Each structure stands twice: as structure tokens, then as C-alpha cells.
Amino acid sequence: QDYTALKLKVKEWAPKAAEKVRGNLPDGANVYFVPATLRPETMYGQTCCFVGPKITYGVFKASDNEYYVVTKRAAWNMAFQGTFFKSDNFARDASELLPVLELTGTEVVGTLVDAPLSIHKQGVRILPMESVLPSKGTGVVTSVPSDSPDDYATVIDLAKKAEYYGIEKEWAQLEVSPIIQTPSYGNITAKFLVEKMKINSPKDAKQLAEAKDLAYKEGYYKGTMLIGDFKGESVESAKPKVKAALIKNGQAFEYAEPNGHVVSRSG
Ligand code: ZZB
């Protein structure tokens, strides 16, 4: 898979993470959560960013002043793809690619990050999602509830059970705005499909996989951009342009999942 790896800059750490970070990173270091996405054209609609609560993440030094929060597996792939400085973080095998520190998903929940292109300019929160796979992408997943059924079902559930999840309800309730117009599912595809298919929980994995498939196809082949520099263009034409612009602005880079990974599209 050819992913776009997006850089979400930390604006304010959650308390537990802040404690661990203190003294372990140079003053003024920029730290980024780095989700891998197949849909860069939907980045305008980011309302939060998911981590697996039980997943262990590393904070890896990418260049003099930049650190990335990803799984060790993803950092290792990135090292091979030349993402990291080869000089002072050069690794000859996986054991040498050492994170500056490790953080669990639970510890970073509540962290405020800046999501490139998002209409939510004040930033979005890192929130927990049980279904994040540690073995796929970077283990960090940016959330676009308007166009991803999994994300829509998850933010509804997070808001409903905010206390159980140990989050502020408002963190899961940022406005879901139209990003892409489609002929069959309107302009908030994920909401339409989740409601039409009566999906009640992020655990309805089978139905969510089906909804994801439908959303992908309709969005890609029939979608039109409602926002951004390529407003009015088809998704098919806007997708590579949004990706290129993000990369040019230093807000993203290419990340390829190596061959042989075992996760299929339907999960
Ligand atoms: C933002 C986004 C917006 C995504 C959208 C999808 C959609 P796939 O399709 O199964 O190959 N993802 C990435 N990494 C993980 C992970 N470790 N665990 C769980 N989910 C992950 O997977 C690619 C998509 O799955 C990625 O693209 C990411 O969510 C998520 F409007 O990023 B996406 C209809 C889908 N719409």
C-alpha cells in the first residue's frame, strides 16, 4: 500500500505523556503523531486522531529537531525508506533503531495536535480506538468521520461513553462537515452508510468493512470535492494533488507498506 504519512504536530501533551516527555526531549523539539492514510483528499475533515490504547508507540528522532510518534515496526520501515537522518540515527538492525522514549496509547489520549488542512484550526485530540491494528500502517490513524464509517461509528461511541473512555465528551464532538459530494450517499457519506446499514457500534466489524468498501468506491469514482484548493474537481483528480501539496509543504511524506503484510482491505 502506498500511504500518505501525515505530520500532526503536538501542541499540548496529555498529563501522563507530558510527565514522561519532560527531560527526555530537547527544549523546542517538534513532535508529530504520524498517521498513514489512503485518503489524503479527506484531510480537511479530520476531527481527531486515533491510537490503540494498548499499543506501545516509540518517539523516534527523524531529524535534528523532529520526532515522530509511530510503532517500532513503522519506524523500521521508514528507516529503510530514507525518512530518518542516516547520520545519528542510523540503524543496522531493528534493535538499533531506538526510540527516545516509549508511550502507550492510553498515556497519549487527550494530547492536542495540529492536523494539517483540517477545518478545525484550534487542533484535534488524540483519542482511543480499540480496532487500531498495531501491524498496519503506523499504528496511528487520523479520523475523518464524514467519509470513514469506522471513524463515524467510533466518534459516536466515544461521545456516548466519554466517562468510560476517560475523555472529555467535547473532544469526540467536533463538527462533522461535508468534504465530498457523492450521488448515492450525499455529502456525509459515512454518516449516511452507518445510519442506513443500522451500524450501532464500532464492533460491528463485518458491516463496517462493507460500508468502508462502498464509501471507498463511491468517493473515489463519483465524488466531487466541496472544499479546499481543488473544490469542484473530482476526487480522482484531486487526490494526487492534495497529496503532492502536503508533501511540498513539509506536512507529509510517502510511506509504503512492505509486501507481505497480512492485513487485507476487509480487515
Ligand atoms: C483517513 C481516512 C479517511 C481513511 C477516510 C479512510 C477513509 P484499508 O482501507 O483497510 O487498506 N488505517 C490506517 N492504519 C490503520 C491501522 N493500523 N488500524 C486500523 N485502521 C488503519 O486501510 C486504510 C485506511 O485504514 C486508512 O485510510 C486509515 O483510515 C485506516 F475517509 O485515513 B484512512 C472509506 C474509508 N475512508
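Above this text sits the structure in question.
Along every chain, residues carry numbers that run from 1 in the direction the sequence is written. A pLDDT threshold of at least 70 governs which residues receive local features in this predicted model, and a stricter bar of 80 or more applies before side-chain atom pairs are shown or counted, although totals over entire chains, interfaces and linings include all residues. Side-chain descriptors were evaluated using all non-hydrogen atoms of the structure, hydrogens and water having been removed beforehand.

Undergrad: In this structure, what is going on with the sheet that holds strand E14 (residues 252-256)? I would like to understand it.
TA: In a beta sheet, neighbouring strands are held together by backbone hydrogen bonds and run either parallel or antiparallel to one another. At least two DSSP bridges between two strands are needed for those strands to be called paired. For helices the rule is a DSSP run of H or I covering at least 4 residues; for strands it is a run of E covering at least 2, with both sets numbered from the N terminus onward. Pairing in this open sheet of 3 strands is antiparallel, and the strands run E4-E1-E14 from one edge to the other. At either end of the open sheet lies a strand with only one pairing partner, and these are strand E4 (36-37) and E14. Sheet topology note: the strand E1 (residues 2-6)/E14 ladder contains 5 bridges and is antiparallel. Each residue of the ladder has a partner; that of Asp 2, found in E14, is Ala 256. Any two residues whose heavy atoms approach within 4.5 Å at even a single point are treated as in contact. The axes used here are C-alpha line fits, helices contributing only the stretch in contact, and every angle between their N-to-C directions lies in the interval 0 to 180 degrees. Its contacts with the sheet put helix H8 (residues 235-248) on E1 and E14, and the angle it makes with E14 is roughly 115 degrees.

Undergrad: Can you walk me through the side chain of Lys 7 in this structure?
TA: Among the structural elements, Lys 7 can be located in the loop between E1 and strand E2 (8-12). A polar atom in the side chain of Lys 7 sits 3.1 Å from the side chain of Glu 66. Ignoring sequence-local partners within four residues, the contact set of Lys 7 consists of Tyr 32, Phe 33, Glu 66, Tyr 68, Asp 114, Pro 116, Gly 250, Gln 251, Ala 252 and Phe 253. Each polar contact in these results corresponds to two N or O atoms within 3.5 Å; when the atoms are within protein, one needs to be able to donate a hydrogen and the other to accept it, and residues that are neighboring in sequence are counted only if both atoms are side-chain atoms.

Undergrad: Would you take a moment to explain the pairing of strand E5 (residues 48-51) for this structure?
TA: Classification of residues uses two cut-offs on accessible area relative to the type maximum, computed with a 1.4 Å probe and protein chains only: under 20% is buried, over 50% is exposed, and between them is partly exposed. The alternating pattern of E5 places Cys 48 and Phe 50 and Cys 49 and Val 51 on opposite faces, both of which are buried. Relative to strand E10 (residues 124-128), E5 is paired through 4 bridges, and the arrangement is parallel. What sits directly across from Val 51, in E10, is Pro 128. Of the strand pairs in this sheet, E5 and strand E11 (residues 140-143) are connected by 4 bridges, and their pairing is antiparallel. Considered in E11, the bridge of Val 51 is made with Val 140.

Undergrad: Teacher, can you tell me more about the site of the ligand here?
TA: What makes a residue near a molecule or strand is one non-hydrogen atom of that residue sitting within 4 Å of it. Lining the immediate surroundings of the ligand are 20 residues, of which Thr 37, Leu 133, Lys 136, Lys 212 and Tyr 216 lie closest. The separation between an oxygen atom of the ligand and a polar side-chain atom of Lys 212 is 2.6 Å. At 2.4 Å from an oxygen atom of the ligand is found a side-chain nitrogen or oxygen belonging to Tyr 216. In isolation the ligand offers 700 Å² of accessible surface; the protein chains occlude 95% of this area. Sorting the residues of the shell around the ligand by element identifies E4, E11 and helix H7 (205-222) as the ones contributing at least two each. For the shell around the ligand, the leading source of residues is H7, giving 3 residues. When its residues are assigned to classes, the shell around the ligand shows 9 nonpolar, 6 polar and 5 charged. In short, Shrake-Rupley with a 1.4 Å probe defines the accessible areas, and a residue's cover is counted only from the protein chains shown. Note on residue categories: nonpolar means Ala, Val, Leu, Ile, Met, Phe, Trp, Tyr, Cys or Pro, charged means Asp, Glu, Lys or Arg, and polar means any other residue, Gly included.

Undergrad: It is not clear to me how the state of the cysteines should be interpreted in this structure. Could you clarify?
TA: Between two cysteines, a covalent bond joining their sulfur atoms is known as a disulfide. When two cysteine sulfur atoms lie within 2.5 Å, the pair is treated as a disulfide. Inspection of the entire model under this criterion finds 0 disulfides. Cys 49 provides the cysteine sulfur closest to Cys 48, a residue in no disulfide bond, and the two sulfurs are 7.6 Å apart. On the accessibility criterion, Cys 48 (0% relative accessible area) is buried.

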